[in-house]
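# Examining the three-dimensional arrangement
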Amino acid sequence: MELKTKDEIRNEILQEWLRNAWVYPQQGPDEQQYLRLTPGGRLKLRRRIGEMESSLGVSGRELLGQEETGELPAEREKLELAMAVQAYTSERQLIQSQGGSLGSSAVSSAQETGEEPGGSGEETPPAE
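Small disclaimer: the values here were computed from a predicted structure and weren't measured. (Residues numbered from 1 in each chain as written. Predicted model: local features only at pLDDT ≥ 70, side-chain atom pairs only at ≥ 80, totals over all residues. Heavy atoms only, no water.)

The subject of this paragraph is the nonpolar core. Grouped together as the largest cluster of nonpolar side chains are 20 residues, with contacts concentrated most on W17, L45, I49, L63, L81 and A84. Elements with a minimum of two residues in this core: α1 (6-19), α2 (39-56), α3 (60-68) and α4 (76-97). Looking at this core, the element that brings in the most residues is α4, giving seven residues. Setting aside residues up to four positions removed in sequence, L81 forms contacts with I49, M52, E53, L56, V58, G60 and L63. (Core = buried A, V, L, I, M, F, W, Y, C linked by side-chain atoms within 4.5 Å. Buried < 20%, exposed > 50% of the residue type's maximum accessible area, 1.4 Å probe, protein only. Helix = DSSP H or I, 4+ residues; strand = E, 2+ residues; numbered from the N terminus. Contact = heavy atoms within 4.5 Å.)

See the structure below:
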């Protein structure tokens, strides 16, 4: 079994999300390419977050906090959950900042719950 770095694992996850049409590339204002979640990708990622949290028995928000502090081990499932929470949360914030209206979130940010980053908020996605 070949050991992979976090960057290699991240790259594989992003490639999978591209193949599954969960994300698409978009040119940013600073001439950089960004990946945006498709509307269907948001829904699928929302469901996937709930599934991964249940199977791993850990909060995605907690794993994201560990990733941000560099404490998350290079385990694919945990890294994917942290990436999913970050992508989902970032996309919702972007849409809302542009005046879009969205329903309830599958993942509560630390700002919404009043917790420190890495704390667990309401993580269970309601049915859509």
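Right, picking up where we left off after that structure.
Once that is clear, we can look at the environment of M83. Summarising the element assignment, M83 is placed in helix α4. Excluding residues within four positions of it along the chain, M83 makes contact with R10, I13, L14 and W17.

We now examine the packing of α2 against α4. At a closest axis distance of 10 Å, the pairing of α2 and α4 adopts a crossing angle of 145°. In the packing of α2 onto α4, the handedness of the crossing is left-handed. Packed against α2, whose contacting residues are R42, L45, R46, R48, I49, M52, E53 and L56, the element α4 presents E77, K78, E80, L81, A84, V85, A87, Y88, E91 and I95 at the interface. Tallied by class, residues from the contact of α2 with α4 come to 10 nonpolar, no polar and eight charged. (Axes fitted to C-alpha atoms, helices over the stretch in contact; angles between N-to-C directions. Left-handed = near helix turned anticlockwise from the far one by under 90°. Nonpolar A, V, L, I, M, F, W, Y, C, P; charged D, E, K, R; others polar.)

Turning to the pattern of salt bridges, a few remarks are in order. Pairing is possible between side chains of opposite charge, provided their charged atoms come close. Under the definition given, this model contains 10 salt bridges. Taking the shortest distance from any N to any O, the salt bridge between K4 and E12 comes out at 2.3 Å. Exposure remark for K4: the relative accessible area of 34% places this residue in the partly exposed category. Note on E12: relative accessible area 32%, which makes it partly exposed. In this structure, the salt-bridge partner of D7 is R10, at a minimum N-O distance of 3.0 Å. Of the two residues, D7 and R10 are both situated in helix α1; the distance of three residues between them amounts to about one turn of the helix. (Salt bridge = Lys/Arg side-chain N within 4 Å of Asp/Glu carboxyl O.)

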